[in-house]
Amino acid sequence: MSSTLGLSWDQHHLGQEVQMGSVARRSFASENVVNRDHALPNPSWNKDLRLLFDQFMRKCEAGSWKRLPSNNHSPQSFQDFQTRFVDPKLPKEQISQARLFTRSFEDGLGFEYVMFCNDAEKRVVCFFQAGPYLQGAPGFTHGGAIATMIDATTGMCAFRAGGVVMTANLNINYKRPIPLCSVVVMKSQIDKVEGRKVFVSCNVRSVDEETLYSEATSLFIKLDPNKKLA
Ligand SMILES: CCCCCCCC/C=C\CCCCCCCC(=O)SCCNC(=O)CCNC(=O)[C@H](O)C(C)(C)COP(=O)(O)OP(=O)(O)OC[C@H]1O[C@@H](n2cnc3c(N)ncnc32)[C@H](O)[C@@H]1OP(=O)(O)O
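Calculation criteria
- Sequence order as written defines residue numbering, which begins from 1 separately in each chain.
- Owing to the predicted nature of the model, reporting of local features is limited to residues with pLDDT of at least 70; listing and counting of side-chain atom pairs is limited to 80 or more, with chain, interface and lining totals taken over all residues.
- The side-chain values count all of the structure's non-hydrogen atoms but skip hydrogen atoms and water molecules.
- Secondary structure elements follow DSSP: runs of H or I of four or more residues count as helices, runs of E of two or more count as strands, with numbering from the N terminus.
- One less than the residue count of a helix, multiplied by 1.5 Å, gives the span that helix is expected to have.
- Buried, partly exposed and exposed residues are distinguished by accessible area as a fraction of the type maximum, computed with a 1.4 Å probe on protein chains only: under 20%, between the cut-offs, and over 50%, respectively.
- Each residue is tested against the molecule or strand, and it is near if at least one of its non-hydrogen atoms lies within 4 Å.
- The definition of a polar contact used here is a pair of N or O atoms within 3.5 Å, where within protein one atom must be able to donate a hydrogen and the other to accept one, and adjacent residues in sequence count solely through side-chain atom pairs.
- In short, Shrake-Rupley with a 1.4 Å probe defines the accessible areas, and a residue's cover is counted only from the protein chains shown.
- Pairs of residues are marked as contacts when any of their non-hydrogen atoms sit within 4.5 Å.
- Two aromatic rings, drawn from Phe, Tyr or Trp (for Trp, its six-membered ring), form a pair once their centres lie within 6.5 Å of each other, and the interplanar angle then sorts them: stacked below 30 degrees, edge-to-face above 60, tilted otherwise.
- Strand pairing is assigned whenever DSSP detects at least two bridges linking the two strands.
- Orientation is described by axes fitted as lines to C-alpha atoms, over the contacting stretch for helices, and by angles from 0 to 180 degrees between their N-to-C directions.

Within an unreviewed UniProt entry, the label attached to the protein reads Acyl-coenzyme A thioesterase THEM4, and the organism entered is Fukomys damarensis.

In C-alpha cells:
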C-alpha cells in the first residue's frame, strides 16, 4: 500500500526498524539524550504491563502480531515529511531539540506504553501505564493524557493502513476515570477508508476487561503531498 509521500508504510517502518538496530544507542550531543526504543520493558513497568508485553511477544512469535518500536526522536525515514511539510524558516536549534511528546518524560513518570499491530486485521493494541506526572483529578489520569494516547494509538492504526496522516477529528466519551499508575488496554481498528479519509475507533479497558474507561472515534486525513500544511 502506498502513502501520499510515495513511500509504502513498509518502507517507513523498515526505516524505523532499521534505525532501532543501528542508531538506538546514539547520543545527541546537544542535550545528551539517548535516542532509544522506549517500547521495551524498563524497571518502572508494573506487573500488568510486563505480563501483557510477554503475552503479546508470544503472539508475535506466532506471526500475526508485530511489536512497534517507538523512539523519542523521529526516524530518518521522516526526513521526507520534514522536507515537504515543515517550514524551513523555523529555527534549526529548536527543531533539533524536537522530541516525541509521549517519550519526553523520564522512565516511569509519564507515558509508559507499547503498541502491537495486526496489519491483516487493521488493528493496533496499546498497553499504557499512566505515570504520576499525568495526574488530572487527584489519583486519576488527566483527560488530555488519555486523549494523547488514544490519538497516538488510532494514529498508528491509520498510518499502518493509510500512510502519512494527520488527525482531523477526535471524539472521546470518558466513561470511568482511569486510576493513576494503573495499566489500561487500548484497542483500535480501522472502520472504513473513503478516499483520503481514514475512520478509526478505539476503546480503553481495564486489564481484566471488566471496566470500560473510554470510547473514541477518530478521523485521519491522508496528507496531500502537493499541499503545504501551514
Ligand atoms: C503528526 C504527523 C504524523 C505524520 C507521520 C505519521 C507517523 C505515524 C507514526 C506514528 C503515529 C504517531 C501518532 C501521532 C498522533 C498525533 C497526530 C497529531 O497530533 S496530528 C496534530 C493535530 N492535527 C492537526 O494539526 C491537523 C490540522 N488540520 C490540517 O492540517 C488539515 O485540516 C488536514 C491536513 C487534516 C486536512 O487538510 P487538507 O487540506 O489536506 O484536506 P481537506 O481538503 O481540508 O479535507 C479532505 C477531506 O476531509 C474532510 N475533512 C477534513 N477535516 C474534517 C473534519 N474535521 N471533519 C470531517 N471531515 C473533514 C474534508 O471535508 C474533505 O472531504 P471531501 O474530500 O471534500 O469529501
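Resuming the write-up.
A few words on helix α5 (residues 143-162). Helix length check: α5, at 20 residues, gives a terminal C-alpha distance of 27 Å against a target of 28 Å (1.5 Å per residue), a fit within 8%. Most of α5 sits inside the fold, with 16 of its 20 residues counted as buried. One or two positions beyond α5, positive phi appears at Gly 163, with a value near 85°.

This paragraph deals with the site of the ligand. Looking at the ligand, there are 18 residues lining it, with Thr 167, Arg 196, Lys 197, Ile 221 and Lys 227 nearest. Separating a nitrogen atom of the ligand from a backbone N or O atom of Ala 168 is a distance of 3.2 Å. When isolated, the ligand has an accessible area of 1300 Å², and the protein chains bury 54% of it. Within the residue set of the shell around the ligand, elements represented by two or more residues are α5, β6 (165-174) and β9 (212-222).

Further remarks concern the side chain of Asn 42. Summarising the element assignment, Asn 42 is placed in the loop between β2 (33-34) and α2 (47-62). A distance of 2.6 Å separates polar atoms of two side chains, one belonging to Asn 42 and the other to Ser 44. When near neighbours in sequence (up to four residues on either side) are disregarded, Asn 42 contacts Arg 50, Asp 107 and Glu 112.

Within the fold, Thr 141 resides in the loop between β5 (123-130) and α5. Setting aside residues up to four positions removed in sequence, Thr 141 forms contacts with Ala 130, Leu 134, Gly 136, Ile 146, Ile 178, Pro 179 and Leu 180.

This part covers the packing of aromatic side chains. Tallying each qualifying case throughout the model produces nine aromatic pairs. With centroids separated by 6.3 Å and ring planes inclined at 55°, the aromatic side chains of Phe 53 and Phe 116 adopt a geometry described as tilted. Of this pair, Phe 53 sits in helix α2 while Phe 116 sits in strand β4 (residues 111-118); the two residues are 63 residues apart in sequence, bridging distant segments of the chain. Like Phe 116, Phe 53 is buried. Seen in terms of ring centroids, Phe 101 and Phe 111 are 5.6 Å apart; in terms of plane orientation they differ by 70°. Their pairing is edge-to-face. Of this pair, Phe 101 sits in the loop between α4 (92-96) and β4 while Phe 111 is found in strand β4, placing the two residues 10 residues apart along the sequence. Three or more aromatic residues joined by ring pairs make a cluster, and in this case those are Trp 45, Phe 53, Phe 56, Trp 65, Phe 116 and Phe 127.

Spatially, the seven strands line up as an open sheet ordered β3-β4-β5-β7-β8-β9-β6, and their pairing is antiparallel. Here the strands that pair on one side only, and so sit at the sheet edges, are β3 (66-68) and β6. Strand-to-strand twist of the sheet, defined as the mean angle between neighbouring strand axes without regard to direction, takes the value 25°. Bridge count between strand β7 (residues 183-194) and strand β8 (residues 197-206): 10 bridges; the pairing is antiparallel. When the bridges of β8 are listed, Val 185 appears paired with Arg 205. α2 rests against β3, β4, β5 and β7 of the sheet, and its axis sits at about 20° to β4. Here α5 sits on the sheet and contacts β3, β4, β5, β6, β7, β8 and β9; the angle it forms with β6, its principal contact strand, is near 135°.

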